[in-house]
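Close look at the chain arrangement
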Amino acid sequence: MSSFASSYDDRLEPESSRPSSPTLSGAGTEIDLREQYGRRVTALGRTYGLPGDSEEWYRLDRQHRMFIEMQGGKWYPPAMERVMKSNIQGEKRVLDLGCGNGAWYVLIDRARDVGLHFPLCDVLAIDLIPIKDTRYLPSNVKSEVDDIDREDGLSHLYGQFDVVHCRLVASGVRDYYELIERIVRILRPGGIMELQEFDFRIYDRDHREIEVSVYSPLGPPYWARFMAHMNQAIQKKGGDVDAARHLWKWVTSHEAFEDITYRDVWVPCIPGDDSRYAAEVYPILRENITAFLKSGRPMLLANGMSEAVYDTIEQNTLREMHESNEPQYTRLQCIYATKRHVVGEDSF
Ligand SMILES: C[S@@+](CC[C@H](N)C(=O)[O-])C[C@H]1O[C@@H](n2cnc3c(N)ncnc32)[C@H](O)[C@@H]1O
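Under an unreviewed UniProt entry, the name given to the protein is S-adenosyl-L-methionine-dependent methyltransferase, and the organism recorded is Ephemerocybe angulata.

Here it is in structure tokens:
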């Protein structure tokens with residue numbers, strides 16, 4: 001087990017019981033995915049706008065693998081080993097909120113599957129979009145279709161989980177702090193919350209934000225421009241684009257949490273001369289950005305961007321990705337914390 005212990009070891013401070021909806025059900029549910037500019041997008045979430053099709057699931061699988069490589073092959077917080085100790089089948093329970101196609105627990109790479117790695121635990125994976133093929137889920141993994149952004153959306157899960165993992169869902173959540181409040185209630189005392197989010201901004205080699213106005217004339221840096229448009233489109237749909245930059249403050253100032261560990265993972269989406277990661281990371285990264293540009297297209301066109309402008313930004317971003325020496329980074333902000341057993345007179 002220890003070979004998969006998480007790279008969270010280096011502690012850094014940042015710079016700066018009722019189903020929620022009877023219409024939603026479990027794994028394999030046929031759900032209303034509508035066509036939007038050539039991709040399949042869920043009609044269920046009011047906010048989330050990225051596609052929910054096979055192409056996107058493939059991208060997320062590859063992205064998951066990329067994150068693992070970037071973190072030295074490690075994929076869960078080390079504190080999870082302690083929390084998951086049990087000899088009783090089903091005693092420990094893990095929840096993945098906004099699981100996508102289940103990358104965190106059931107990947108091509110089954111050694112890094114929570115359900116298999118902790119075979120005695122039960123895993124519940126929740127997403128707006130049903131997992132495509134549940135035949136490959138380990139028997140201790142179940143899935144549920146639900147909107148984690150609904151006020152009452154998760155109340156049927158309160159007090160039932162030892163670990164809650166949530167990665168890259170901010171664009172589908174209007175009030176991320178409220179989501180944290182719900183997670184506090186979902187967790188059992190001593191349980192772990194792990195959050196990982198981007199802030200939809202791009203940074204230079206010195207980790208300074210590259211500011212690009214969506215109203216400025218078309219020009220480089222194009223990846224930063226693409227993300228500025230994504231930021232705007234997501235905000236217009238109500239997504240909490242700034243959640244990542246508040247994670248540290250929200251979690252450290254919340255009386256429910258202790259043993260808080262934070263780190264940034266700098267993702268060189270335009271690699272330039274970046275060489276911090278193993279060589280095999282960069283081809284996956286390029287593949288991921290190429291696919292992400294396409295994933296963002298429906299949202300950008302729905303937000304009023306013309307196809308011509310989109311094509312210019314896409315092509316020039318690809319050129320930057322292959323030719324530029326100047327890296328442009330996305331910042332994955334990662335935090336995990338333990339829920340206190342008792343806080344004051346109240347236990348959460
Ligand atoms: C960018 S993907 C990340 C998937 C996965 N967590 C990962 O890191 O690979 C975002 C996922 O969150 C889901 N999602 C977004 N907003 C949601 C919401 N309000 N309720 C449930 N799922 C949501 C989307 O359907 C999508 O599968």
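Most of strand E6 (residues 161-167) is tucked away: 7 of the 7 residues are buried. With 4 bridges joining them, strand E3 (residues 93-97) and E6 adopt parallel strand pairing. If you follow Leu95 over to E6, its bridge partner there is Val164. As judged from the 6 bridges shared by E6 and strand E7 (residues 187-198), these two strands associate in the parallel manner. Its bridge partner lying in E7, Val163 is registered against Ile192. Read as a crossover between parallel neighbours, the route from E6 over helix H4 (residues 176-186) to E7 is right-handed.

So, on to unusual backbone geometry. With an omega dihedral of -5°, the bond running from Pro220 to Pro221 counts as a cis peptide bond. Positive phi values are uncommon outside glycine, yet Leu168 reaches one of about 60°. Here Leu168 shows up in the loop between E6 and H4. On the basis of neighbour counts, which here come to 19 C-beta atoms within 10 Å, the residue Leu168 falls in the partly exposed class. Positive phi, normally seen in glycine, also occurs at Phe200, with a value near 55°. When you line up the elements, Phe200 lands in the loop between E7 and helix H5 (222-236). A residue is classified by how many C-beta atoms lie within 10 Å of it, and Phe200, with 24 of them, is buried.

Quick look at the sheet that holds strand E4 (residues 122-127) now. Read from one edge to the other, the open sheet built from 7 strands follows the order E5-E4-E3-E6-E7-E9-E8, with strand pairing classed as mixed. Only two strands of the sheet have a single partner each, and these edge strands are strand E5 (141-145) and strand E8 (257-270). Each neighbouring strand pair of the sheet contributes to a mean axis angle of 15°, computed without reference to strand direction. Note: E3 against E4, 5 bridges, orientation parallel. What sits directly across from Asp96, in E4, is Ala125. This element, helix H6 (residues 243-252), spans E7, E8 and strand E9 (328-339) of the sheet and lies at about 25° to E9.

Time to look at the packing of H5 against helix H7 (residues 281-302). Two elements in contact, H5 and H7, have axes whose closest approach is 10 Å; the angle formed by their N-to-C orientations is 45°. The angle between the axes of H5 and H7 places the two elements in the oblique class. Relative to H7, H5 is oriented so that their crossing is left-handed. On H7, the residues that touch Phe226, His229, Met230 and Ala233 of H5 are Leu293, Gly296, Met299 and Leu300. A per-class count over the contact of H5 with H7 returns 6 nonpolar, 2 polar and no charged.

Right, let's get into the site of the ligand. Of all residues adjacent to the ligand, which total 21 residues, the nearest are Gly98, Gly100, Asp149, Arg167 and Gly172. Here the residues of the shell around the ligand are counted per class, giving 11 nonpolar, 6 polar and 4 charged.

Looking now at the packing of H7 against helix H8 (residues 307-323). For any two helices packed against each other, one specifies the inter-axial angle together with the distance between the axes. Between H7 and H8, the least distance of the axes is 11 Å, while the angle of their chain directions is 165°. With respect to their mutual orientation, H7 and H8 come out roughly antiparallel. Read as a crossing pair, H7 and H8 show a hand that is right-handed. Residues Arg286, Ile289, Thr290, Leu293, Arg297, Leu300 and Leu301 of H7 form the contact with H8, whose own contacting residues are Glu307, Tyr310, Glu314, Thr317, Leu318 and Met321. Across the contact of H7 with H8, the residue classes break down as 7 nonpolar, 2 polar and 4 charged.

Moving residue by residue along a regular strand, the side chains alternate between the two faces of the sheet. Bridge count between strand E1 (residues 33-36) and strand E2 (residues 39-42): 4 bridges; the pairing is antiparallel. In the sheet register, Arg34 faces E2, and the bridge partner there is Val41. The hairpin formed by E1 and E2 contains 2 residues between the paired strands, and Tyr37 there has a positive phi angle of roughly 50°.

Definitions and cut-offs
Residues numbered from 1 in each chain as written. Predicted model: local features only at pLDDT ≥ 70, side-chain atom pairs only at ≥ 80, totals over all residues. Buried ≥ 20, exposed ≤ 12 C-beta atoms within 10 Å, placed from the backbone. Helix = DSSP H or I, 4+ residues; strand = E, 2+ residues; numbered from the N terminus. Pairing = 2+ DSSP bridges. Right-handed = clockwise from strand over helix to strand, strands pointing away. Axes fitted to C-alpha atoms, helices over the stretch in contact; angles between N-to-C directions. Contact = placed C-beta atoms within 7 Å. Parallel < 35°, antiparallel > 145°, perpendicular 65-115°, else oblique. Left-handed = near helix turned anticlockwise from the far one by under 90°. Nonpolar A, V, L, I, M, F, W, Y, C, P; charged D, E, K, R; others polar. Near = placed C-beta within 6 Å.

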